[in-house]
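# Report on the structure
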Amino acid sequence: HMNGTHSELLPEEWCNCHPVSSDKPHVMKYEHFMSNRFYHDRQCDVNVSSFNVQGNRIVEGLVSGEFLMQPFRKEEARHVLLRLRQFRANKWMLPWVEVIRQHVTRLHPTVLILNQGHAKGSLRINYNEIREAAVAASPCVVWRTTTKSRAAIKPPPDMFARKAFAMDTVFDAGKITMNPPDDLKSAYLDNVRFLPNMYNHLNARMLAGLYPEGAQGACARRGTTFS
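Residues numbered from 1 in each chain as written. Predicted model: local features only at pLDDT ≥ 70, side-chain atom pairs only at ≥ 80, totals over all residues. Heavy atoms only, no water.

Here we come to the sheet that holds strand 2 (residues 34-41). Spatially, the 3 strands line up as an open sheet ordered 1-2-3, and their pairing is antiparallel. Unpaired on one side and paired on the other, strand 1 (13-18) and strand 3 (46-50) mark the two borders of the sheet. Neighbouring strand axes in the sheet, compared pairwise and without regard to direction, differ in orientation by 5 degrees on average. In this sheet, strand 2 lies alongside strand 1 in antiparallel orientation, the contact comprising 6 bridges. Bridged to E13 within strand 2 is Y39. (Pairing = 2+ DSSP bridges. Helix = DSSP H or I, 4+ residues; strand = E, 2+ residues; numbered from the N terminus. Axes fitted to C-alpha atoms, helices over the stretch in contact; angles between N-to-C directions.)

Let us now look at the nonpolar core. The nonpolar side chains of a soluble globular protein tend to be buried with one another. I100, L112, L114, I130, W143 and F165 are the most contacted members of the largest nonpolar core, which totals 23 residues. The set of elements that each furnish at least two residues to this core consists of strand 5 (91-95), helix 5 (96-107), strand 6 (112-114), helix 6 (127-137), strand 7 (141-144) and helix 7 (159-164). With sequence-adjacent residues up to four places away left out, I130 is seen in contact with W96, V97, I100, L114, I125 and F165. Formed by 16 residues, the second largest nonpolar core is a distinct cluster that contains Y188, M206, L210 and A218. (Core = buried A, V, L, I, M, F, W, Y, C linked by side-chain atoms within 4.5 Å. Buried < 20%, exposed > 50% of the residue type's maximum accessible area, 1.4 Å probe, protein only. Contact = heavy atoms within 4.5 Å.)

Here is the structure:
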């Protein structure tokens, strides 16, 4: 999965990724999953960073996004990380809110999108604390609601997140997956993940709402929910 999705974005993406375990002798074994991605298109002047947490509410990574987003240092970082001793020394483990405070803030995002997915234990997340860190990091904070799983009648309500981010912007991806276009009704890879064409559809809808042609975007209208 990591190699396949990463190969589609080469050479612009740096994938700070590691599976839970590996049988390859040259790969250092880690106890936890890691999947943080940094995409930089110099021609379009677009940076997209993704930090991933898997259920336990702890995000793990190597170096910082700020370091990896500087094109002249990306290859330097790659060579450093290939040396396993430095690879281990640079590792960090932080909860959601500290990732935003310590790493995301330094990236100066014009838009910060948050989504909890189908992770277990989400009811114990302090959404107000995450929201406070998010609005300090970016002028536009978007909560993306959870999509519907294949077997469910409707998506999770995200009620606590909706309440915490009520004065910001909510992209209701869950609503879209309730009644998708006919050609996307069966676009599931497994019980909760979609095929690329559905993600393309969701992202296009979100971008159209954030940056509509000739109109005021959702971020300029705080307290907005769109789909």
